[in-house]
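Next come the chains, spelled out residue by residue.
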There are 2 protein chains.
Amino acid sequence: MRREKLEELKKQFEELKVVEMQKQRYREKTFLTSELYECRLKCGRVIFREKLLKGKKEGSAAIIFALTKQGDVLLNVEPRVFTKETVALGFPAGYIEDKEDALMGAKRELLEEHGYEAEEMVLLDSFYQDEGCSAAYNQIFFASGCQRVASQKLDKDEIIYPFLVSLEEVFELNRLGYFKGANSKLAIVKAKEYIKRRKSCVK
Amino acid sequence: MRREKLEELKKQFEELKVVEMQKQRYREKTFLTSELYECRLKCGRVIFREKLLKGKKEGSAAIIFALTKQGDVLLNVEPRVFTKETVALGFPAGYIEDKEDALMGAKRELLEEHGYEAEEMVLLDSFYQDEGCSAAYNQIFFASGCQRVASQKLDKDEIIYPFLVSLEEVFELNRLGYFKGANSKLAIVKAKEYIKRRKSCVK
């Protein structure tokens, strides 16, 4: 791992750390809501289950393992205020919007969060984020041949520091324990498998 | 894969399928709630983030990849009413309770859901379930030498059909796409790595 890169990462983490956190007593509207369902099963049993909604939607997300033409992987350093470190390293990702499919969402997020466009995008895997209480179905994409075409364009309350490292460095940062979220961990496993498969095809 | 095992699994899935689902209009209290926080970062920015709570707690869970003395892996077939199939295959798992650490929670869940006790339990990995909006930090355990010591003892609204297959069959079911949740997918990856490491140590 290049020492200056690790220093850069630590500096980004430092800047985004939470120094003060206050619970708000009065809330007008919330992003997280839920619905309760009575479900009758084929075996005759009746059970109640509660479904999490994010902004009134299911909250399915696209996660992008993006490789640039120069061989860098695009990573995000973001405030994750409820984690122990309050900051986390991860991949470009975001909720799929209405009238979008997962691929369209992935392309939009890559452009908004990093200003990049991909030559090719391949679906690596799909999974339920929290299958007991949510319908959120996330999709991991591998984006190759990515090139910068615009500047970062974030939502008002969003903060993302782009962090670019080589493929080997991503796997090293993973071994060092920098990726702590389920989405990121699965993205790394699936990208690794994909790269291995692709290499063995070329041979 | 033994044909009778796959038939058994399909029968279990069939029985637990949702045949009717009704949204409840009136709700007294909910399991899923949230809190809003105002967070000041070291860089000076102030952001708002909402935190998901499950039963007023963070919702951290223990997931157990459990191998019996006979060489079977203990799996759960459960209603997952918000997934496409409405039923899912997974591992023994559950929320860690107050005054419990993750290991204690894992032992309790293994006993409640399957009536089994393990000779040894090893922590394989930890991860945030949904780091953007939750503090839930899940832990995956590998339980070996499991033996049946009691009967299943579930909560009122819980339904779990135990499903036992060999180690090879677990990986085959994974290739067939039977595991669809983030927790289950990560448990399989980490268990596979652990088994490989253990084998190479023995050699």
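Remember, predicted model here, so these are calculated numbers, not experimental data.

Asker: Could you give an account of the interface of chain A and chain B, with specific residues and numbers?
Answerer: Chain A puts 55 residues into the contact, and the matching count from chain B is 55 residues. Broken down by secondary-structure element, the contributors of at least two residues to the side of chain A that touches chain B are α1 (3-16), β1 (18-23), β2 (32-41), β3 (46-54), β9 (120-128) and α4 (182-202) of chain A. The element that contributes the greatest number of residues to the side of chain A that touches chain B is β2 of chain A, accounting for nine residues. Grouping the amino acids of the side of chain A that touches chain B by side-chain chemistry returns 26 nonpolar, nine polar and 20 charged. As defined by bridge partners, β2 of chain A adjoins strand β1 (residues 18-23) of chain B across five bridges and the pair is classed as antiparallel. Each bridged residue has a counterpart across the sheet, and for E38 of chain A the counterpart in β1 of chain B is Q22 of chain B.

Asker: Run through the relation of the copies chain A and chain B, naming residues and quoting values.
Answerer: With an RMSD of 0.0 Å, the operation that places chain A on chain B is a rotation of 180° combined with a shift of 0.0 Å along the axis. The transformation relating the two chain copies, once decomposed into turn and shift, fits a two-fold axis. Mapped onto chain B, 100% of the interface residues of chain A are again interface residues, and the two copies thus contact each other with one and the same surface.

Asker: Requested: an account of the sheet that holds β3 of chain A, with residues and values cited.
Answerer: Read across the open sheet, the three strands follow the order β3(A)-β2(A)-β1(B); overall the sheet is antiparallel. Only two strands of the sheet have a single partner each, and these edge strands are β3 of chain A together with β1 of chain B. Across the sheet, the mean angle from the axis of one strand to that of its neighbour is 35°, orientation sign disregarded.

Asker: Could you give an account of helix α2 (residues 102-114) of chain A, naming the residues involved and the relevant values?
Answerer: Residues and elements named next belong to chain A. With 13 residues, α2 should reach 18 Å at 1.5 Å per residue; the first-to-last C-alpha distance of 18 Å fits that figure. Residues of α2 that are buried: A102, G105, A106, E109, L110, E113 and H114. All buried residues of α2 project into a common sector of 135° when viewed along the axis, lining one side. A positive backbone phi angle near 75° is found at G115, which sits one or two residues after α2.

Asker: Residue-level account of the nonpolar core, with values.
Answerer: Core analysis: the biggest nonpolar cluster contains 99 residues, and I64, A66 and A143 of chain A together with I64, A66 and A143 of chain B have the highest contact counts within it. Not counting the four nearest positions on each side in its chain, A143 of chain B is found in contact with I64, F65, A66, L67, L110, A118 and M121 of chain B. Judged by nonpolar contacts, the second largest core, of six residues, contains L32, L52 and C133 of chain A together with L52 of chain B.

Asker: So what about the pairing of strand β10 (residues 137-148) of chain A? Which residues, and what values?
Answerer: All names here are of chain A. The sheet contact formed by strand β4 (residues 61-68) and β10 spans six bridges and is parallel. Looking at the pairing, I64 lines up with F141 of β10. For strand β8 (residues 116-117) and β10, the ladder comprises two bridges, and the chain directions are antiparallel. Within the sheet, the bridge partner assigned to E117 lies in β10 and is Q147. Strand direction decides the pairing type here: β9 and β10, joined by eight bridges, are antiparallel. If you follow D125 over to β10, its bridge partner there is I140.

Asker: Outline the environment of G59 of chain B, listing residues and values.
Answerer: Inspection of the secondary structure puts G59 of chain B in the loop between β3 (46-54) and β4 (61-68). Taking the number of C-beta atoms within 10 Å as the measure of exposure, G59 of chain B has 23 and is therefore buried.

Asker: Mind laying out the environment of K153 of chain B, listing which residues take part and the relevant values?
Answerer: Mapped onto the elements of the fold, K153 of chain B is located in the loop between β10 (137-148) and β11 (161-166). Spatially, the C-alpha atoms of K153 of chain B and L53 of chain B are 25 Å apart, while their sequence positions differ by 100 residues.

Asker: Give me the lowdown on the sheet that holds β3 of chain B, citing residues and values where you can.
Answerer: Read across the sheet, three strands follow the order β1(A)-β2(B)-β3(B) without closing on themselves; strand pairing throughout is antiparallel. Only two strands of the sheet have a single partner each, and these edge strands are β1 of chain A together with β3 of chain B. Neighbour-to-neighbour, the strand axes of the sheet open up by a mean angle of 35°, direction not taken into account.

What counts, and where the lines are drawn
- Residues numbered from 1 in each chain as written.
- Chains lettered and ligands numbered in written order.
- Predicted model: local features only at pLDDT ≥ 70, side-chain atom pairs only at ≥ 80, totals over all residues.
- Contact = placed C-beta atoms within 7 Å.
- Helix = DSSP H or I, 4+ residues; strand = E, 2+ residues; numbered from the N terminus.
- Nonpolar A, V, L, I, M, F, W, Y, C, P; charged D, E, K, R; others polar.
- Pairing = 2+ DSSP bridges.
- Least-squares fit on C-alpha atoms with pLDDT ≥ 70 in both.
- Axes fitted to C-alpha atoms, helices over the stretch in contact; angles between N-to-C directions.
- Expected span 1.5 Å × (residues − 1).
- Buried ≥ 20, exposed ≤ 12 C-beta atoms within 10 Å, placed from the backbone.
- Arc of directions from axis to C-beta.
- Core = buried A, V, L, I, M, F, W, Y, C linked by C-beta atoms within 7 Å.

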